[in-house]
Structures are given as C-alpha cells and as structure tokens.
Amino acid sequence: MQADPPGGMERVAVSSIGVAKPPEAPKQIGRRYDRTTLLFLGPPAILMAIFLVYPTIYTIALSFNRGRRGEFTEWVGFDHYINLLTGDKSFLDLGSFPPEGAIWNNVLWAVFYTSLVIFLGLVVAVLASRVRYESIIKAVVFLPMAIAATALAIIWNFVYAPDSNIGLLNAILSPVTDRGISWLGNPSLVNAALIAAGVWGSVGFATVILSAALKSIPSEILEAARVDGATERQVFFGIIIPMVSLPISVLAVTLLVNVVKLFDLIYVLTNGGPGTKSRVIAFTMYNDSIPGGQFGRGAAVAVIMLVLLIPIMAYNIRRFRSSRVT
Amino acid sequence: MSRSLRLSAFALAAALVATACGPAGTTVPPASGGPAASAPEGSSGGSVAPGPAGSINVLSLWGGSEEKAFQAVLADFTAKTGVTVNYEADRQTYSTTLQSRITGGNPPDIAIIPGIGFLRRFAKDGSLMKIADLGVDTAGLTSSYPEGFLAAGTVDGQLYAIPAKYNNKGTMWFRPDVYKDDGVTANPATWADYKAALDSTKDKPGAMALGAKDDWNLTDWFESIYIRQAGVDAYDKLFGAEGDWTDATVQKDVDTMLEVINDKYVVGGIDAAVGRAWTDAIAQVFKPTPEAGTFYEGGFVGGIALGQTNTDLKIGETIDWYPFPKINNTDEVTTFGGDVVGALTDSDGAKAFLQYLVTPEANKVWASTGAIVSPHKGVDTSAYPNDLVKREAESLTSASAIRYDGSDLLPAGIAGEGLGALLQRAIRGDKIDWADFQTRVKAAWDAE
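Residues numbered from 1 in each chain as written. Chains lettered and ligands numbered in written order. Predicted model: local features only at pLDDT ≥ 70, side-chain atom pairs only at ≥ 80, totals over all residues.

(A) A look at the overall build of chain A. Across its full length, chain A carries 15 helices and zero strands. A total of 326 residues make up chain A; the buried ones form 33% of that total. A sequence separation of at least 24 residues applies to 61% of the contacts in chain A between residues at least 6 apart. (Helix = DSSP H or I, 4+ residues; strand = E, 2+ residues; numbered from the N terminus. Buried ≥ 20, exposed ≤ 12 C-beta atoms within 10 Å, placed from the backbone. Contact = placed C-beta atoms within 7 Å.)

Right, dumping it as structure tokens:
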C-alpha cells in the first residue's frame, strides 16, 4: 500500500547513518560499509552537501548579518528576527484581532486551503467513482494541475477583475449586485479569493491521489460491511475514511509544505496587496531580498520558514518510520 | 564495473564544476529559492571579463515597441563602432535577473536601470562603474543634459548612470469629446477647475478612472500633488535622507488626494479601483465607449492608449492631455520618471556604448522612433514624430523645476509596507501611522 520510493529512501538513510542496529552478525555490518557502498553513497552525499547543506548553513549565517549583495558585511545578531517579529506589522501583527500579517495569512492558507482541497478532492473522488464517466470528470478536475501557477494566476486575474465587462465573476453576479465586487481590492475578501484560486488549482491533485486510494480498498470489505447491514454513511465514515487515512495524511503534508512555500499566486495576482494584506512568508522573503536588497533580512525570513517546516517534516519522518513498523 | 562507476563519478563532478563555475551564460536561476539559491561564493573569479571581443551584453527592461525603438539605436551603434550587441529584455523580473547576475559574478556590460533607489544600491555596492572612468567627458555632459536629469544618475557626488529616456509624470489624460459634451470648454488649470471638470463629467459617462492595484499609480498621484502643494524644496527634503514623513504636509497631501480619489469621482468606486489593473483603467477612458473622461498617469499612457487600447483614437478629438492642475504653485513644476543607463564592466565595448549614448546623434535616432522623450539638449522637438510626444518634451524643457519620481528616490529596502501599499489603504479611508512609516524609511536610509 505504501508507495515504494519513500521506504527505499529510508532504508538508504538508515544504513548510511547507521542508526538502526540490525540483528545480523557484526561481520555483515562490516560488509555494508565496503568501498562499493561508499561509492554509491558518495555522489548523493556530495550533491546534498553542495546544494542543500551548504546553502542552508549560508542562509542561517546570513540571517544574522546585514548581508549586502548577499555577502557577509556586518554582523547584526538577532536584529532581523526581532524587527520581523515585533516591529513589522506586515509580517506579524498580534495587536489586532484576528491577528494580521504574512505569518497569519500562511496560517489561514494552512487551515482553509489544506482542508478544502482534501475535502473537495475526497468528495469528487467518491462521487466520480459512482458514475460511468468517471475518467472525464477526473480529467476535467485535474486540468488546472497542468497549468503553470503563473498562468493560473493570470486566468484568475480575469475572473476577479472588478469591472463586469472584464471580470467573469462580476459578470455572473451583475444581475444581483449594483456594483462589481472588488475581490482582490477589498482587504476582507482578498485572502478568501486567493485561497479559492489556490484550491481550484489543487483539487485535481487531491482527487487523483484519493481516487487511487479508494480503488485500492478491497471490495470484499465494503461488500461485507453492506451485507452486515451498514448504511452508506457508516461505510463511508467507518470504513472508507479510515482506510484512506494514510493517503490523506500524505496529501495534507504535501499541501502544507506547498502553503509554506506559496509565492507565485500571490506575486502575480495581488503583489501582496491591497496594502500588505495578502502577503505570505515567502512573499516577504522575496520582497525583502530582491527588490529590497536586504539579503540578511530575507535570509531571516527564510530561516523562519524553515523553522515552520520542521514540525511538518518531523511528523512526516515519524510517520514513515511507524508505517514501516506496522 | 567499479571503473566505469568511477569514470561516471568523474564525469558528474566535472559537469558540476562546469555548471558552478562557468559564466552562467543564458539562464540565471530564478529567485524562488531565495538567497540560498544564489551561486556559491568563490565562483566569481575572472568571470567579469566581457564576452568575445567586440561584443557587449545589454540587459534591459524594454520589450515590445520600446525594444523596437532601442534596437534602432543599437543598430546605429554597431554600424558606427563595429561592436555587436547581445540584447536581453526582461521587464517583470528585471531586478531579480540583474541581482542574480551580479551576485553570480556574471554581470551584463550595460544595464538599463529603473528607479534611482535601485541605482544607489548598486552604486554603493560597488557593482556600477563610475561614468568618469569610462572615458566619458563628464564635465561636458552638463551642457548636454538638464541639471535635474544628471542629478538622477548621481550618487554621493559621483555620476554612475546616463539618463536615457524619460516621461513627464505631470500629464492629465482626458477625452476631449467627453469634456466637450459635458460643457468643459477650457482645460482645467487649477485644482478647483479640475474638481469642477470632474463634477461636470461625473455622470456622463463618469469622472475619473483609477487602477490602484498597481500601487505606483498612487505614489505618482502623491508626488504630483506634493510638488505642487508643498513646493519643490519640501519635495527635495521629503524624498531625501532627511525627509520627515510626520510633517503636516504629508497628511495634507493625502487629504487633497482624497478630494478627487473617492467614491464620488472614481468610476466603480474606490473598492473596485484598488482591485483594478492600471491598464484596465486606461481602457475605461480610451475604449470606443468611454466610462470615464479623465485618467492621470505619465506621458507613456499615450503610447499604450494609441497602440494597444484603441488604435482608432484621434489626437485632439478622443485623446489628449493637459498639465496636472496647479495647486499652490504659480510656475509650472512637474515630476518625471525615466530609466538610466549604467555600466557594470569597464570593457572597451561598454565604454564605447556609453560614449556613443551621450551623443546627440544617438538621441536623435531614438527620438525619431516616437517611443521616447530624450533628455538630451541636442535633440530638437522637431525630431519627434507626433504632437503628444513633442508637447511632452516641451513641457519638461519649459518647466521652471522638474524633479525625479519621488518614490523611486526612496531607498528600495523599506521593511514592511511601502509608500504605495500604504496609499492603497489611505484611499480606502484607513488612518495612516506616519510616525511608523518615518521610522522604517529612516532605517532604510541609514542602512544604505
């Protein structure tokens, strides 16, 4: 049931660190570390060191520096972090209720985007599996996945345009509204509008994964339950949901990581506006680093992003371990 | 087995080294990885050297019709000097590309630089060459260019960039046919006249179009009002390192702005305007059946309206502009925006290009395309092919004072909310904490 690559990768990782003490004889352990093994482990280790470990350490170090031109120019200690978390209302503003700022917007995305994508994906997958033209439905729902995020944002720019002669949504609503609704210009609507566009782009992904998971449930189990007199509702909540809980959690982790990395949609659709109401962490990182030229501060934002990703990753690794045990 | 493996490991390592150290060539990694994605240090040694002898790389933000016009200049340059030009245009991610090139040790020879805050940063980082070191007679430039333009390319008393092209930002675009139908006979000259004109056109078909999703439209409004209401000296101070954003003139500027940018005059209301792209606002005025009579933005609106929005427009009948109305000023003063050209290497090709670019001939070639207004004094207004551009050029030479777009003078690294984002809130009626903005602007100036 569990996809193969993660398990395989973990095996490599475990043996390379040598954490798990296998029950085999010590002689065999020695053979594990012969030259061929090292030859196989060497290239990935070098690649990881160059493209992952080095940039990470560099970024962390840079976050404590002024970082002009992205180089080390002047050490500033925790200044960037203190300023970001206490002095920049566009990044985090706990003074208002509900809180505001880029971090809070990421929380909104994490909650609403993730749950809506999974919920709608599950609904479409379940309903589509009960009709004959399932493949057509799935193809249509999957279509947005084939669109680059930038192109997707441009499409939604037209959908959300405030004037009904351009904006699709306002054209549809024009009989009931006297004036176009400014989806992206109104601070109280902008995040909901952006999340809706994001959900539209990702439901297809969830549908395909969940649909495959549903197909893998042995039909005998479902039949047995029905024979025993379970209602469709009981079958759905008592059997189907628990049996696809692992794919759902894989999906949730993937979507959460997407949320933390989220940038392109915001950049193209609103550029963080109106004001700074739709900024997310990755947008702030870009904005401070590239147009702003404050690479140290941008690096600090990147480190905050990394810290937020750690619990998700920890959960992910733990789940891989436990799923292997069972 | 193990031999072939070793061989492939070598091949892989060689490929890695080649990718990491070679002059990155055509593609530059995008910024999605942030600072961490920039090239490893130590790879910059020696790669600053120019390409093959007799050619230069030019990184520009001009595409479309602007590029076509500039290509005419480049062709003339190549004909005169024999230096070939590799031209590369990137408008959307220009700053990202340029920054990545510089950080990666592979800067273009010549860069077209938008925004003076940007110029200052690269100059102070030491990435830009001094014009004086490139064989250009800087003393002679003062007779070729008006003072305000050279000042735009100067950082700490040193000239780092040549003004290339500019646009008057004091142009109020309007529909002469709409004004005529609504009985506005004379072009509004004062703020009161202007409001009266908006009142007359308010319902037939609408007063003003605004696309404030592009927040630089709002900073241009702010600056145009400020230079006319608070005066040129106050303007210089506010957009300089000693600027005080808590000064009463700042909020007064916003209040004046709100007299015209409000639900009464802006077609569709403020809420919609904040969600509207500025090109859509141009279309509201200049499409065949207009929804509004007036649109404020710089001289470049003419090219967009005539070239893209509606090719049937007739200058003087369905499209025209008048100077931004006077507020407290008696003389004509205005703001302008434009791009400057700097060199990132001191290769012979880069020197030759800048030496060529300051000649009147180069500017005449460029002006004759009608795509730009040249800042060069050697370009006579007769060089311009149409009346809208000609008048724009005249308006700047005849003004008693012109100043560079103020928001482009501010440091690029203002943490958090910038001026444009802040004005987006202001026109929605939010109260602005200018003291907070002042702290952040000051910090950005100090950090430069």
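(B) Molecular detail of the overall build of chain B. Across its full length, chain B carries 20 helices and eleven strands. Per-residue burial for chain B yields a buried fraction of 51% across its 448 residues. For chain B, the share of sequence-separated contacts (at least 6 apart) that also reach a separation of at least 24 residues comes to 77%.

(C) Here's a closer look at the sheet that holds strand E7 (residues 171-174) of chain B. Residues and elements named next belong to chain B. Taken in spatial order, the three strands of this open sheet run E8-E7-E9, and their pairing is antiparallel. Unpaired on one side and paired on the other, strand E8 (294-296) and strand E9 (320-323) mark the two borders of the sheet. Pairwise comparison of adjacent strand axes, ignoring direction, gives a mean angle of 30 degrees for this sheet. One ladder, built from four bridges, connects E7 with E9; its direction is antiparallel. Across the sheet, residue threonine 171 finds its bridge partner in E9, namely proline 323. (Pairing = 2+ DSSP bridges. Axes fitted to C-alpha atoms, helices over the stretch in contact; angles between N-to-C directions.)

(D) Structural context of helix H9 (residues 216-229) of chain B. Residue and element names in this part refer to chain B. End to end, H9 covers 19 Å across 14 residues, agreeing with the expected 20 Å (1.5 Å per residue, within 8%). Taking burial as the measure, the 14 residues of H9 include 13 buried ones, the bulk of the element. In the stretch just after H9, glycine 231 is the one whose phi turns positive, near 100 degrees. (Expected span 1.5 Å × (residues − 1).)

(E) Structural detail: the pairing of strand E3 (residues 110-114) of chain B. Residue and element names in this part refer to chain B. Across the five residues that make up E3, a large majority, five, are buried. With burial as the criterion, each face of E3 is covered, one bearing Ile110, Ile112 and Pro114 and the other bearing Ala111 and Ile113. Pairing of strand E1 (residues 55-60) with E3, which is carried by two bridges, proceeds in the parallel orientation. Of the residues in E3, the one forming a bridge with valine 58 is isoleucine 110. Looking at chain direction, E3 and strand E10 (residues 333-343) are connected through five bridges and run antiparallel. Within E10, the residue paired with proline 114 across the bridge is aspartate 339.

(F) Just the nonpolar core, in detail. Counting 131 residues, the largest nonpolar core has Leu119(B), Met208(B), Ile282(B), Phe295(B) and Leu354(B) as the members making the most contacts within it. Both domains that furnish three or more residues to this core are identified here as domain 1 (52-168 + 336-404) and domain 2 (171-331 + 413-447) of chain B. Ignoring anything within four residues of it in the chain, the contact list for Leu354(B) reads Ile131(B), Leu134(B), Val136(B), Ile162(B) and Ala343(B). Grouped together as the second largest cluster of nonpolar side chains are 58 residues, Val141(A), Leu194(A), Val203(A) and Ile304(A) included. (Core = buried A, V, L, I, M, F, W, Y, C linked by C-beta atoms within 7 Å. Domains from an automatic or database assignment.)

(G) Quick look at the interface of chain A and chain B. Between chain A and chain B, the contact holds 48 residues from the first and 38 residues from the second. Put simply, the parts of the chain that give the side of chain A that touches chain B at least two residues each are helix H3 (35-62), helix H14 (281-289) and helix H15 (295-325) of chain A. A total of nine residues in the side of chain A that touches chain B trace back to one element, the largest contributor, which is H3(A). Considering only residue class, the side of chain A that touches chain B consists of 22 nonpolar, 18 polar and eight charged. (Nonpolar A, V, L, I, M, F, W, Y, C, P; charged D, E, K, R; others polar.)

(H) Structural detail: the pairing of E10(B). Residues and elements named next belong to chain B. Most of E10 is tucked away: eleven of the eleven residues are buried. Burial along E10 is two-sided: the face carrying Val333, Thr335, Gly337, Asp339, Val341 and Ala343 and the face carrying Thr334, Phe336, Gly338, Val340 and Gly342 are both buried. Note that E10 and strand E11 (residues 401-404) share four bridges and pair parallel. From the neighbouring strand, threonine 335 faces E11, where its bridge partner is arginine 403.

(I) Highlighting the domain arrangement of chain B. All names here are of chain B. We note that the domain assignment places domain 1 (52-168 + 336-404) and domain 2 (171-331 + 413-447) within chain B. Element by element, the count of residues in the side of domain 1 that touches domain 2 is highest for helix H17 (residues 387-398), at four residues. Grouping the constituent residues of the side of domain 1 that touches domain 2 by class yields four nonpolar, six polar and three charged.

(J) The arrangement of the packing of helix H5 (residues 102-128) of chain A against helix H12 (residues 245-261) of chain A in detail. Residue and element names in this part refer to chain A. One way to put it is that H5 packs onto H12 with a least axis distance of 9 Å and a crossing angle of 145 degrees. Of the two possible hands of crossing, H5 and H12 adopt the one that is right-handed. Within the contact between the two elements, H5 uses Asn106, Trp109, Ala110, Tyr113, Thr114, Val117 and Ile118 and H12 uses Ile248, Leu251, Ala252, Leu255, Leu256, Val259 and Val260. Here the residues of the contact of H5 with H12 are counted per class, giving twelve nonpolar, two polar and no charged. (Left-handed = near helix turned anticlockwise from the far one by under 90°.)

(K) Geometry of unusual backbone geometry. Residue Pro98(A) is bonded to the preceding Phe97(A) through a cis peptide linkage, with omega at -5 degrees. Looking at the element boundaries, Pro98(A) is found in the loop between helix H4 (79-87) and H5. A positive phi angle, close to 55 degrees, is found at Asn271(A), a residue other than glycine. Position of Asn271(A) among the secondary structure elements: in the loop between helix H13 (264-269) and H14. We note that Asp156(B) has phi near 50 degrees; this positive angle belongs to a residue other than glycine. If you trace the backbone, Asp156(B) turns up in the loop between strand E4 (154-155) and strand E5 (158-159). Overall, the presence of 8 C-beta atoms within 10 Å leaves Asp156(B) in the exposed class.

(L) Looking closely at the confidence of the model for chain A. All names here are of chain A. Summarising the model, chain A shows a mean pLDDT of 86, and 89% of its residues fall at 70 or more. Ranking the elements of chain A by mean pLDDT puts helix H1 (residues 4-17) last, at 42, and H5 first, at 95. Per-residue pLDDT stays below 50 along residues 1-20; that stretch engages in eleven contacts with residues further than four places along the chain or on separate chains. (pLDDT = per-residue confidence, 0-100.)

(M) Here's a closer look at the packing of H9(B) against helix H19 (residues 419-427) of chain B. Residues and elements named next belong to chain B. Following both chains from N to C, one finds H9 and H19 inclined at 85 degrees, their axes separated by 8 Å at the closest point. It follows from the interaxial angle that H9 and H19 lie roughly perpendicular. Residues Trp216, Leu218, Thr219 and Phe222 of H9 pack against Leu419, Gly420, Leu423, Gln424 and Ile427 of H19. Of the residues assigned to the contact of H9 with H19, the class counts are six nonpolar, three polar and no charged. (Parallel < 35°, antiparallel > 145°, perpendicular 65-115°, else oblique.)

(N) Highlighting the environment of Ile136(A). Tracing the backbone shows Ile136(A) in helix H6 (residues 134-142). When the C-alpha positions of Ile136(A) and Tyr315(A) are compared, they lie 35 Å apart, and in sequence the two are 179 residues distant.

(O) Examining the environment of Val267(B) more closely. Residues and elements named next belong to chain B. Its location among the elements puts valine 267 in the loop between helix H11 (248-260) and helix H12 (269-274). On the basis of neighbour count, valine 267 is assigned to the buried category, with 24 C-beta atoms found within 10 Å. In sequence terms valine 267 and serine 395 are 128 residues apart; their C-alpha atoms lie 29 Å from each other. Residue contacts for valine 267: discarding those within four places in its chain leaves Gly206, Met208, Ala209, Gln284, Glu291 and Ala292.

(P) Structural view of the confidence of the model for chain B. All names here are of chain B. With 88% of its residues at a pLDDT of 70 or more, chain B shows a mean pLDDT of 84. Every residue in residues 1-52 scores below 50 in pLDDT, and together they form 61 contacts with partners more than four places removed in sequence or on other chains. Predicted complex, confidence summary: ipTM 0.77, pTM 0.80.

(Q) The environment of Arg279(A), seen in detail. All names here are of chain A. Along the chain, the position of arginine 279 falls in the loop between H13 and H14. We classify arginine 279 as buried; it has 28 C-beta atoms within 10 Å. Expressed as a C-alpha distance, the spacing of arginine 279 and isoleucine 103, which sit 176 residues apart in the sequence, is 8.4 Å. Leaving out residues up to four positions away in the same chain, arginine 279 has contacts with Ser90, Ala102, Asn105, Gly272 and Thr284.

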